[in-house]
Amino acid sequence: MYATNYAKATSLEDAVAKLQAAEDGKFLGGGQTLIATMKQRLAAPSDVIDVTKIPELKGITVDADTVTIGAATIHSEVASSKEIAAAIPALSGLAGTIGDPAVRNMGTMGGVLANNDPAADYPAAAMALDAVIHTSKGSYPATEYFTGMFETALDDDEIITKITYQIPLKAAYEKFRNPASRYSLCSVFVAVLKNGEPRVAVTGSGNDGVFRVGAMEEALKSNFAPEAVTGIAVDPETMLADIHGSAEYRAHLVSVLAGRAVAKAG
Amino acid sequence: MSEVKLTVNGREVSRDVEDRTLLVSFLREELGLTGTHVGCDTSQCGACTVHVDGKAVKSCTVFAVQMDGASVTTIEGLASGATLHPMQEAFRNNHGLQCGFCTPGMIMMGVDIVKRHPEGLDDTTIRKELEGNICRCTGYHNIVKAISAAAKEMSTPAMAAE
Ligand SMILES: Cc1cc2nc3c(=O)[nH]c(=O)nc-3n(C[C@H](O)[C@H](O)[C@H](O)COP(=O)(O)OP(=O)(O)OC[C@H]3O[C@@H](n4cnc5c(N)ncnc54)[C@H](O)[C@@H]3O)c2cc1C
Ligand code: FES
Ligand code: FES
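Residues numbered from 1 in each chain as written. Chains lettered and ligands numbered in written order. Predicted model: local features only at pLDDT ≥ 70, side-chain atom pairs only at ≥ 80, totals over all residues. Heavy atoms only, no water.

(A) The overall build of chain B, seen in detail. Within chain B, the regular secondary structure consists of six helices and five strands. Ordering the α and β elements of chain B from the N terminus gives β-β-α-β-β-β-α-α-α-α-α. In terms of overall size, chain B behaves like a compact globule, its C-alpha atoms giving a radius of gyration of 16 Å where 162 residues would be expected to give roughly 15 Å. Based on the C-alpha atoms only, the size of chain B along its principal axes is roughly 45 × 35 × 25 Å. A burial count over chain B gives 52% of its 162 residues as buried. Taking all contacts inside chain B whose residues are at least 6 apart in sequence as the whole, residues at least 24 apart take part in 56%. (Helix = DSSP H or I, 4+ residues; strand = E, 2+ residues; numbered from the N terminus. Rg over C-alpha atoms; globule rule 2.2 N^0.38 Å. Buried < 20%, exposed > 50% of the residue type's maximum accessible area, 1.4 Å probe, protein only. Contact = heavy atoms within 4.5 Å.)

(B) Layout of the environment of A:Lys175. All names here are of chain A. In this fold, lysine 175 is placed in strand 11 (residues 170-177). Along the primary structure lysine 175 and alanine 261 are separated by 86 residues, whereas in three dimensions their C-alpha atoms are 9.1 Å apart. Setting aside residues up to four positions removed in sequence, lysine 175 forms contacts with Thr97, Ile98, Asp121, Arg182, Ser184, Cys186 and Ser187. A polar side-chain atom of lysine 175 sits 2.8 Å from the main-chain carbonyl oxygen of threonine 97. Here aspartate 121 takes part through its side chain, which lies 2.9 Å from a polar atom of the side chain of lysine 175. (Polar contact = N/O pair within 3.5 Å; in protein donor to acceptor, adjacent residues only side chain to side chain.)

(C) Region of interest: the sheet that holds strand 12 (residues 184-192) of chain A. All names here are of chain A. A sheet is described by the order of its strands in space; here four strands give the open sequence 11-12-13-14, paired in antiparallel fashion. If you trace the sheet from one side to the other, it starts and ends with strand 11 and strand 14 (211-212), each paired once. Bridge analysis of strand 12 against strand 13 (residues 198-203) gives six bridges, and the strand direction is antiparallel. Along strand 13, the bridge assignment pairs valine 192 with proline 198. Strands in contact with helix 10 (residues 214-222) are strand 13 and strand 14; relative to strand 13, the strand with the most contacts, it is inclined by about 150°. Across the sheet, helix 12 (residues 247-265) lies against strand 11, strand 12 and strand 13, angled at about 40° from strand 12, the strand it touches most. (Pairing = 2+ DSSP bridges. Axes fitted to C-alpha atoms, helices over the stretch in contact; angles between N-to-C directions.)

(D) Region of interest: unusual backbone geometry. Residue and element names in this part refer to chain A. Look at arginine 41: it is not a glycine, yet its phi comes out positive at around 60°. Here arginine 41 lies in the loop between helix 2 (34-39) and strand 3 (47-50). The phi angle at phenylalanine 150 is positive, at roughly 55°, despite the residue not being glycine. Structurally, phenylalanine 150 is set in the loop between strand 8 (146-148) and strand 9 (151-152).

(E) Representation of the pattern of salt bridges. All names here are of chain B. Evaluation of the coordinates by the stated rule reveals 19 salt bridges over all chains. The salt bridge involving arginine 15 is made with glutamate 30; its shortest N-O contact spans 3.9 Å. Separated by 15 residues along the polypeptide, arginine 15 in strand 2 (residues 11-17) and glutamate 30 in helix 1 (residues 23-30) bring together distant segments of the chain. Notably, a salt bridge pairs arginine 116 with aspartate 112, separated by 2.8 Å at the nearest N-O pair. With arginine 116 and aspartate 112 both in helix 3 (residues 103-116) and four residues apart, the pair spans about one turn of that helix. (Salt bridge = Lys/Arg side-chain N within 4 Å of Asp/Glu carboxyl O.)

(F) Seen up close, helix 3 of chain B. All names here are of chain B. The end-to-end C-alpha distance of helix 3, which contains 14 residues, comes to 20 Å, matching closely the 20 Å that a straight helix rising 1.5 Å per residue would cover. Of all the 14 residues making up helix 3, 12 are buried; the element is thus mostly covered by neighbouring parts of the structure. All buried positions along helix 3 are accounted for by Thr103, Pro104, Gly105, Met106, Ile107, Met108, Met109, Gly110, Val111, Asp112, Ile113 and Val114. (Expected span 1.5 Å × (residues − 1).)

(G) The arrangement of the packing of aromatic side chains in detail. Residues and elements named next belong to chain A. What the rule picks out here adds up to four aromatic pairs over all chains. Clustering of aromatic rings is evident, with ring pairs tying together Tyr140, Tyr145 and Phe146. The ring of tyrosine 2 has arginine 41 sitting right over it, with the charged end atom 4.1 Å from the ring centre. (Phe/Tyr/Trp six-rings, centres within 6.5 Å; stacked < 30°, edge-to-face > 60°. Lys NZ or Arg CZ within 6 Å of the ring centre and 35° of its normal.)

(H) How the structure looks around the interface of chain B and chain A. Of the residues lining the interface, 23 residues belong to chain B; the matching set on chain A comes to 31 residues. With both sides pooled, the region where chain B packs onto chain A buries about 2,200 Å², and carbon together with sulfur makes up 56% of that total. At the boundary of chain B and chain A, one finds three salt bridges. Among the salt bridges present, the one from B:Glu131 reaches A:Arg177, with a minimum N-O distance of 2.9 Å. In this assembly, chain B and chain A are joined by 11 residue pairs in polar contact (both at pLDDT 80 or more). Contributions of two or more residues to the side of chain B that touches chain A are made by strand 4 (55-58) and helix 3 of chain B. Ranked by residue count, the leading element in the side of chain B that touches chain A is strand 4 of chain B, at four residues. When the residues that make up the side of chain B that touches chain A are grouped by side-chain class, the tally is nine nonpolar, six polar and eight charged. (Buried area = accessible area lost by both parts, 1.4 Å probe. Nonpolar A, V, L, I, M, F, W, Y, C, P; charged D, E, K, R; others polar.)

(I) Here's a closer look at the packing of helix 3 of chain B against helix 5 (residues 141-155) of chain B. Residues and elements named next belong to chain B. Put simply, helix 3 and helix 5 touch, their axes get as near as 10 Å, and they point 45° apart. Relative to helix 5, helix 3 is oriented oblique. The element helix 3 and its partner helix 5 pack so that their crossing is right-handed. For the pair formed by helix 3 and helix 5, the contact residues are Met106, Gly110, Val111 and Val114 on the first element and Ile143, Ile147, Ala151 and Met154 on the second. (Parallel < 35°, antiparallel > 145°, perpendicular 65-115°, else oblique. Left-handed = near helix turned anticlockwise from the far one by under 90°.)

In structure tokens form, the structure reads like this:
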């Protein structure tokens, strides 16, 4: 790893000031992506500014219609939160599938959403549950936040503070893992929001990162059943292709997993 | 450089280290605690697992300075004197290791798994929980057996006070 300077930020202003003063600074969440990348020398920030102790990034609050989670909340906390499990069991279940127990003890929701890995799990929940991403500069609906593979609406000096998810009438997440890396090869989050709108969001497969499948959402409006979606194909042209799976294979998985997620949501 | 103060296996330590120093390098190179292993450079193998404030963490994927003020337990801190921790004893009795390279991480994760499942453990759960710990020798069967045996041992009243 190349040399770097570490600093702990005590407030949002402090974090932004430290980042702006750095030659080539980066915010640090749990480090489960950033430190791993720095070890490989694929990233070499001059400074890392730890945002996990900033009070605005802490806490879980549940009200009648929404669940709001601080960006510094670690995956294991989301997975074991009784409040989240009662409001959106599919979300706590999803958190419990991220990486392994040790990764879940450090990795944060804000870090995942800022990184926007095409195979990350939370982006699917954010898209399917009409999440709002709150930052040090404002807020974004999920559909405007994710702008492409590893791309988001964030500025370099913008910090994710909280994420607000809609509590759905029902929801389910079907994760299909790459057997080696255990990341999603294709995973589908299905939800029916309180206004009756169905949502189908796919991660791990899109060549532009997470995406929603409009045709499936439309079909589920009149018939919330697996067979409403299993016959709907997504265009392989929009799919990732690599040694782990061809575009056609991933496109096929989207239909199969969407059907399973609908069945699971019940 | 930063001053890092940690409690390691109950002992307070402080060292001036480069900010890029990973916790595992701090433990191995600064403190000479070489029981914690490095098995990969991709944060995937779990050989480096230690407990930070009672939770399993990959010491190869956190900076020492990031953990300033924390209490760290390594494999060297599990036994009490000559008496092995029940998890260590179970690995010995169940032949839960061959070359032993993954073992410190397996044992630290094993203790963490047992703590998080006071309701008891079945083999499927143990296997799922071991997702981040790779063993190239054993084929895992005896590791699962060892953790299962230790879980029973650790839940007996004599050990519950621990
Ligand atoms: C072995 C392994 C397996 C994994 N498996 C999975 C998996 O199955 N599914 C999955 O989704 N993820 C997986 N991950 C990734 C893991 O979830 C990471 O925790 C996550 O990608 C990054 O979160 P972090 O808090 O560690 O962020 P960091 O690594 O600290 O940071 C990642 C990026 O986000 C930025 N950042 C961090 N916090 C903020 C913030 N609050 N505001 C703005 N920018 C911020 C950083 O500057 C950096 O660019 C895995 C990781 C490992 C090591
Ligand atoms: S050495 Fe830490 S995960 Fe492999
Ligand atoms: S015993 Fe050799 S790697 Fe596990």
